[in-house]
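Structure at a glance
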Amino acid sequence: MSAFEQELEATGELLKNEKISKELARAHARSLAWFRQNLAELEAAGWSVDELYRIGTLSFPYSEWGPGWLTLWNNEKCSPRLGRRGEIEFVLHEAGGDVVQSCRLDKSYLS
């Protein structure tokens with residue numbers, strides 16, 4: 001088991017944080033399953049477990065939370081995928097077409 005995989009499996013301890021609601025715990029369970037399936041690609045893209053499951057200084061959704069906590073994981077109409085440049089994309093299937101929301105590893109929001 002790689003160090004990345006070991007860190008990923010240890011994220012269950014984060015559920016004990018007082019900021020983690022039931023909805024965020026559900027998102028964690030679903031994101032963890034997807035992260036496990038895409039482990040090699042996420043690691044190759046430069047993601048760290050700390051970035052995937054970062055807990056913000058303020059309550060969710062305020063401040064900087066990692067993509068593993070996003071409530072999009074709980075939306076049945078939403079399908080996650082890994083983008084060409086390692087970004088985590090959420091494709092929301094709506095009647096008028098697909099909407100894509102991306103979580104980029106690049107920490108610059110001005111790029």
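Preceding this section is the structure that the text describes.
My aim in this report is to walk through the structure given alongside it, one point at a time. (Residues numbered from 1 in each chain as written. Predicted model: local features only at pLDDT ≥ 70, side-chain atom pairs only at ≥ 80, totals over all residues. Heavy atoms only, no water.)

Scanning the chain from terminus to terminus reveals four helices and three strands. Listed N to C, the secondary structure of the chain is α-α-α-α-β-β-β in terms of helices and strands. The C-alpha radius of gyration computed for the chain amounts to 14 Å, which stays within 12% of the reference 13 Å derived for 111 residues, consistent with globular compactness. Along the first, second and third principal axes, the C-alpha set of the chain runs to 40 × 30 × 30 Å. Put simply, the chain has 111 residues, and 35% of those count as buried. Accessible area of the chain: about 7000 Å², with a carbon and sulfur share of 50%. Considering the chain, the positive charge centre built from 13 side chains and the negative charge centre built from 17 side chains are found 5 Å apart. (Helix = DSSP H or I, 4+ residues; strand = E, 2+ residues; numbered from the N terminus. Rg over C-alpha atoms; globule rule 2.2 N^0.38 Å. Buried < 20%, exposed > 50% of the residue type's maximum accessible area, 1.4 Å probe, protein only. Areas by Shrake-Rupley, 256 points an atom, 1.4 Å probe, with all protein chains shown as cover. Lys, Arg positive; Asp, Glu negative; His and termini not counted. Charge placed at Lys NZ, Arg CZ, Asp CG, Glu CD.)

Moving on, we come to the packing of aromatic side chains. Per the counting criterion, the structure on display carries eight aromatic pairs. A ring pair is formed by tryptophan 73 and phenylalanine 90, whose centres lie 5.0 Å apart and whose planes are at 85 degrees; its orientation type is edge-to-face. Here phenylalanine 90 lies in strand β2 (residues 88-94) and tryptophan 73 lies in the loop between α4 (49-52) and β1 (78-82), a separation of 17 residues in the sequence. The same class applies to tryptophan 73 and to phenylalanine 90, which are both buried. Cluster of aromatic residues (ring-pair linked, three or more members): Trp34, Phe35, Tyr53, Phe60, Trp65, Trp69, Trp73 and Phe90. (Phe/Tyr/Trp six-rings, centres within 6.5 Å; stacked < 30°, edge-to-face > 60°.)

Interpretation note: all reported values are geometric properties and have no functional meaning in isolation.
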